[in-house]
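Here is how the chains run, residue by residue.
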Amino acid sequence: MNDLRATIRRKSWFTLLFVLVVSVLLFALAQGSRIHSDWSDHQTSSLSSATLQVLSSLDEPIQIKAYFTAGLPQPYGQLQQFIEDKLMSYRDAGHGNFGFEMINPEDDPNIEASLTALKIPKVQVQVIEDDRAQVRQGYLAIVIEYLDKQEIIPVVQTDAGFEYLLTRKIKKLTGKGKQRLAVATGFGAKGLSDLQTLQQLLRDDYDFVEVDLAKQAVPEGVKTLIVDGVDEKPSLAFRYHLDQFRMLGGGVLVLAANAEPDLQQGFAVLPVDSYANDWVLHDLNVSVEPGLVMDQQASRITVNQQQGGFAFRSVVDFPFIVNVVDINQDQIITKGLESVSMPFAAPLLWADKGEGKTTLLKSSDWSAVQFGPPFDVDPLVNMRERFQGLMLSPEALMLAQRGEMKSAFAQAPDEMASANQGKHLSDTTKGRLIVSGSSALLDNEFIEGSNTVLILNMLDWLSHDEALIELRSRGATQRPLEPLEKQGRTFFKVVWIFGLPLLLLMLGGWRWLALRQRRSRIT
């Protein structure tokens, strides 16, 4: 009996020692090798194909200087290690044209002086030492140098989105300058003065210009045209200039709607002219169907309420700001996105099917259409009452077309013939078009979160500049849960409340019986 126990004890110690030795050897081997395996979702720990493409196109060396103060508390210490590992990946993929160094500014006072000259700020972080909370200052900055040009990331706050930020800066340094983007005006369309947030978002990558299509064609050099919120019937000249820009291969973003939000008056909408969207059907083969889409899978808003002489704020689901999770993952524009908001959207429909036409965004199966005008968008109306008696079905909210397109005009209109000098284009094979059912998508109040990524992706795609689209959408920040039917919710409640404890009891009983049988054999 004692000999058997001694044998079992020796085998256990030998097994433990063997596992420890093998683990140490594997760790040492991994530390000295470049072999790695990326098990992260969407492969976010590996460099994307867009980054590899940018690095492979480098024709001159690029140098990165990462200024990180040593000894900062977590999570900044972990962030520093992440940055160093990521820069090593860049260096390996740069084929000799990418170099970097990690610098502690506290090692040399001259370095701190140079950072001050570059207007790189110190970051204040809280440190707990000797049971006391203290505030410490440090640097978390990156300087990118290429030829005689320089780009700065003054503060690296998080590892989320770092690869996109760095690759975007490198592409900007090594690229050919900014793209030109035109915004159409007239017939109620929103101009640059209405799109301040959009301009701030894109100022590093795009130069903006306004164009009155009723009076002139789109200027040369423009890659993308935005037509946002036409609320009355446009002129023939407006339509023809837009049409010919499409035939030249220019990308067009049309934001149509049946109603415009009037947030200055609370939650209200102003209906557009009943003929304002006819040209979209005639020229672009997209039907803007009547009504506003309501979805029980909605975004949440805060509203002010007055009751019994007391004012208070409450959070409610607002079905007219659709929380879209039915997103086309086969298209590069929307690939990787998990949810976006579509405010006050009209349902869309392709007038005819064809190659290159697709649906990017759809509402959920719990959506319906409120017909009008007038439209009742009061956020305090009970959701069940609002949807009672309505037919529920998903609605298309954003459409896209790529490739071959035909002109909506057989020839130039008579009043345009002299100005056009007979250069009418009847078709193109390089066309790009996106039609949104929400004209409020680019409004200052709605450019946030995943909507920002969607807008940037759309404009890059329309400008034929797709390098950063895939990279921008990596690393999802939201994980929306799919809604369950009542039967599904009941099933999971039963499983977690009764099934899991029963399973644990069964495993415990099986283990007890196994030990008892083993004890009997030993005896």
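Before reading further, recall that the structure is shown in the block above.
In what follows, the accompanying structure is described. (Residues numbered from 1 in each chain as written. Predicted model: local features only at pLDDT ≥ 70, side-chain atom pairs only at ≥ 80, totals over all residues. Heavy atoms only, no water.)

One pass over the full model with this rule turns up 1 cavity of 30 Å³ or more. The space that makes up the largest cavity amounts to roughly 30 Å³. In terms of lining residues, the largest cavity is bounded by V227, G229, V230, V254, L255, A256, N277, W279 and V280. Sorting the residues of the lining of the largest cavity by element identifies β10 (251-255) and α8 (278-284) as the ones contributing at least two each. Split into classes, the residues belonging to the lining of the largest cavity amount to 7 nonpolar, 2 polar and no charged. (1 Å grid on protein atoms, 1.4 Å probe; cavity = no way out; pocket = protein on both sides within 12 Å on 5 of 7 lines; lining within 4 Å. Points joined across faces, edges and corners; volume = space filled by probe spheres on them. Helix = DSSP H or I, 4+ residues; strand = E, 2+ residues; numbered from the N terminus. Nonpolar A, V, L, I, M, F, W, Y, C, P; charged D, E, K, R; others polar.)

This part covers a nonpolar patch on the surface. Together, F491, F492, V494, W496, I497, F498, L500, L503, L504 and L507 give the surface a local cluster of nonpolar side chains, amounting to about 1100 Å² of exposed area. Within the fold, L504 resides in helix α13 (residues 486-522). The exposed category is assigned to L504, whose relative accessible area is 55%. (Patch = residues over 30% accessible without salt bridge, like charges linked within 9 Å, V, L, I, M, F, W, Y side chains within 5 Å. Areas by Shrake-Rupley, 256 points an atom, 1.4 Å probe, with all protein chains shown as cover. Salt bridge = Lys/Arg side-chain N within 4 Å of Asp/Glu carboxyl O. Buried < 20%, exposed > 50% of the residue type's maximum accessible area, 1.4 Å probe, protein only.)

A word on the pattern of salt bridges. Across all of its chains, the model carries 19 salt bridges by this definition. Two residues, K65 and E145, come together in a salt bridge whose shortest N-O distance is 3.9 Å. With K65 in strand β1 (residues 62-68) and E145 in strand β5 (residues 140-146), the pair connects residues that are 80 residues apart, well separated along the chain. By relative accessible area, K65 is classed as partly exposed at 22%. Here K171 ties to D465 by a salt bridge, and the two come within 3.2 Å at their closest N and O atoms. You can see K171 sitting in helix α5 (residues 162-174) and its partner D465 sitting in the loop between α11 (450-462) and α12 (469-472), a full 294 residues away along the chain. Where salt bridges share partners, they join E151, R168, K169, K172, D204 and D205 into one cluster.

The linkage connecting G372 with the following residue, P373, adopts the cis geometry, with an omega of 0°. Mapped onto the fold, P373 is located in the loop between β21 (367-370) and α9 (383-387). Cis geometry is adopted by the peptide bond preceding P374, which originates at P373 and carries an omega value of 0°. Within the secondary structure, P374 is located in the loop between β21 and α9. For L147, which is not glycine, the phi dihedral falls at a positive 55°.

As a further point, take the pairing of β1. Buried residues dominate β1, accounting for 5 of its 7 residues. Of the pairings in the sheet, the one linking β1 to β5 comprises 7 bridges and is antiparallel in character. Within the sheet, the bridge partner assigned to A66 lies in β5 and is I142. (Pairing = 2+ DSSP bridges.)

A sheet is described by the order of its strands in space; here 3 strands give the open sequence β15-β16-β18, paired in antiparallel fashion. Of all the strands in the sheet, the pair left with one neighbour each is β15 (298-307) and β18 (340-343). The sheet shows a mean angle of 50° between the axes of neighbouring strands, direction not considered. The pairing of β15 with strand β16 (residues 310-324) spans 10 bridges and is classified as antiparallel. When the bridges of β16 are listed, Q307 appears paired with F310. (Axes fitted to C-alpha atoms, helices over the stretch in contact; angles between N-to-C directions.)

Looking now at the packing of aromatic side chains. Overall, the coordinates contain 7 aromatic pairs when judged by the stated rule. Between Y240 and F409, the aromatic rings sit 5.3 Å apart at their centres with planes inclined by 85°, giving edge-to-face as the arrangement. Placement of Y240 in helix α7 (residues 236-247) and of F409 in the loop between β22 (396-406) and α10 (414-420) is noted, with a sequence separation of 169 residues between them. With respect to class, Y240 is no different from F409; both count as buried. Look at F318 and F320: their rings are 5.6 Å apart centre to centre, the planes differ by 55°, and that puts the pair in the tilted class. Relative accessible area serves as the criterion here: at 0%, F320 is assigned to the buried category. (Phe/Tyr/Trp six-rings, centres within 6.5 Å; stacked < 30°, edge-to-face > 60°.)

Between its terminal C-alpha atoms α7 stretches 16 Å, which fits the 16 Å expected from 12 residues at 1.5 Å a residue. Taken across its 12 residues, α7 has 11 buried, putting it largely inside the fold. Phi turns positive one or two residues past the end of α7, at G249, with a value near 95°. (Expected span 1.5 Å × (residues − 1).)

On to the nonpolar core, then. L198, L253, L361, M398, I434, M458 and L459 are the most contacted members of the largest nonpolar core, which has 41 residues in total. Element by element, the count of residues in this core is highest for α11, at 8 residues. Dropping the residues within four chain positions of it, L198 is found in contact with F208, I226, L442, I447, I455 and L459. If you look at the next biggest cluster of nonpolar residues, it comprises 31 residues, including A182, V227, A256 and A396. (Core = buried A, V, L, I, M, F, W, Y, C linked by side-chain atoms within 4.5 Å. Contact = heavy atoms within 4.5 Å.)

Moving on, we get to the sheet that holds strand β2 (residues 98-103). Judged by pairing direction, the sheet is mixed, and its 4 strands sit side by side in the order β2-β1-β5-β6 without closing on themselves. A single partner strand is all that each edge strand has here, and the edge strands are β2 and β6 (149-153). With strand direction ignored, the average angle separating the axes of adjacent strands in the sheet is 15°. The pairing of β1 with β2 spans 6 bridges and is parallel. Paired with I64 across the strands is F100, a residue of β2. Against the sheet, α5 engages β1, β2, β5 and β6, with an angle of about 160° to β6.

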